[in-house]
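# Report on the structure
This is what each chain is made of:
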Amino acid sequence: LVQVRRSTAFFKSNGSTEEQLGDTRSRSGVSVCGATPYVLHWNAVLGSTDLPLARSLARFLRSRVPNIEAMAFRHVDAAGQPCCEIACNIRDSVSLEEAPEAAAASALEELCAAHGLDVLYSYATNPRPQDLLRTAQRVLAAAPCPVDWASPPRTSAAPAP
């Protein structure tokens, strides 16, 4: 994951802003909008400071759980204690029936138990698909639709020549 991120153009100099965008004045700005398939960012904090072991657990997750990118690094837990954390990007995880991280959590718990380790806690850093759906439903139910789709569209008079 780290190597993939570093290989993208985001981390490389590819010319000045002016070369890329043309002449930009101080009153000008740049906005970029894009869309990608949903990715859940899920992290698991381990009860260990053994980074090589945490890295092997991340490799195991990548080999066992489909559509996952995982890496391990040193971390400080919520109590301020040193530990290791496995950070995961779970792709193609738009399921409204099951938490996207369920397979990864189950596999990690199983492997940690075999090594006598605990998963201290885990957390997602972005909303799950179920959360997004509930929020959209709540917002749509609370606000009346500004367009009356049942009525025929109004036409305006043609402009005078």
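This text gives an overview of the structure that appears in the document. All values reported here derive from a predicted model rather than from experimental measurement.

Check the secondary structure of the chain and you find 5 helices and 4 strands. Here the chain holds 161 residues, and the buried ones make up 25% of them. Across the chain, the fraction of contacts at a sequence separation of at least 24, relative to all contacts at a separation of at least 6, is 70%. As displayed, the chain has an accessible area near 11,600 Å², and 55% of this comes from carbon and sulfur atoms.

As a further point, take the state of the cysteines. Throughout the structure, instances matching the rule amount to 0 disulfides. Take Cys83: it sits in no disulfide, and the sulfur closest to it among the cysteines is that of Cys84, at 6.7 Å.

The next subject is the nonpolar core. Buried together is how nonpolar side chains tend to be arranged in soluble globular proteins. Within the largest apolar cluster, 26 residues are counted, with the highest numbers of intra-cluster contacts made by Trp42, Leu46, Leu57, Leu61, Ile86, Cys88 and Leu108. The set of elements that each furnish at least two residues to this core consists of β1 (39–46), α3 (51–64), β2 (68–76), β3 (82–91) and α4 (102–114). In terms of residue count, the dominant contributor to this core is α3 (6 residues). Setting aside its immediate chain neighbours within four residues, Leu46 contacts Ala54, Leu57, Cys83, Cys84, Ile86, Leu108, Cys112, Asp118, Val119 and Leu120.

All right, on to the sheet that holds β1 then. A sheet is described by the order of its strands in space; here 4 strands give the open sequence β2-β3-β1-β4, paired in antiparallel fashion. Single-partner strands in this sheet number two, and they are β2 and β4 (119–124). The sheet shows a mean angle of 20° between the axes of neighbouring strands, direction not considered. Taken together, the 5 bridges between β1 and β4 define a ladder with antiparallel strand orientation. Pairing of Leu46 across the sheet is with Val119, part of β4.

So, how was this worked out
- Residues numbered from 1 in each chain as written.
- Predicted model: local features only at pLDDT ≥ 70, side-chain atom pairs only at ≥ 80, totals over all residues.
- Heavy atoms only, no water.
- Helix = DSSP H or I, 4+ residues; strand = E, 2+ residues; numbered from the N terminus.
- Buried < 20%, exposed > 50% of the residue type's maximum accessible area, 1.4 Å probe, protein only.
- Contact = heavy atoms within 4.5 Å.
- Areas by Shrake-Rupley, 256 points an atom, 1.4 Å probe, with all protein chains shown as cover.
- Disulfide = S-S within 2.5 Å.
- Core = buried A, V, L, I, M, F, W, Y, C linked by side-chain atoms within 4.5 Å.
- Pairing = 2+ DSSP bridges.
- Axes fitted to C-alpha atoms, helices over the stretch in contact; angles between N-to-C directions.

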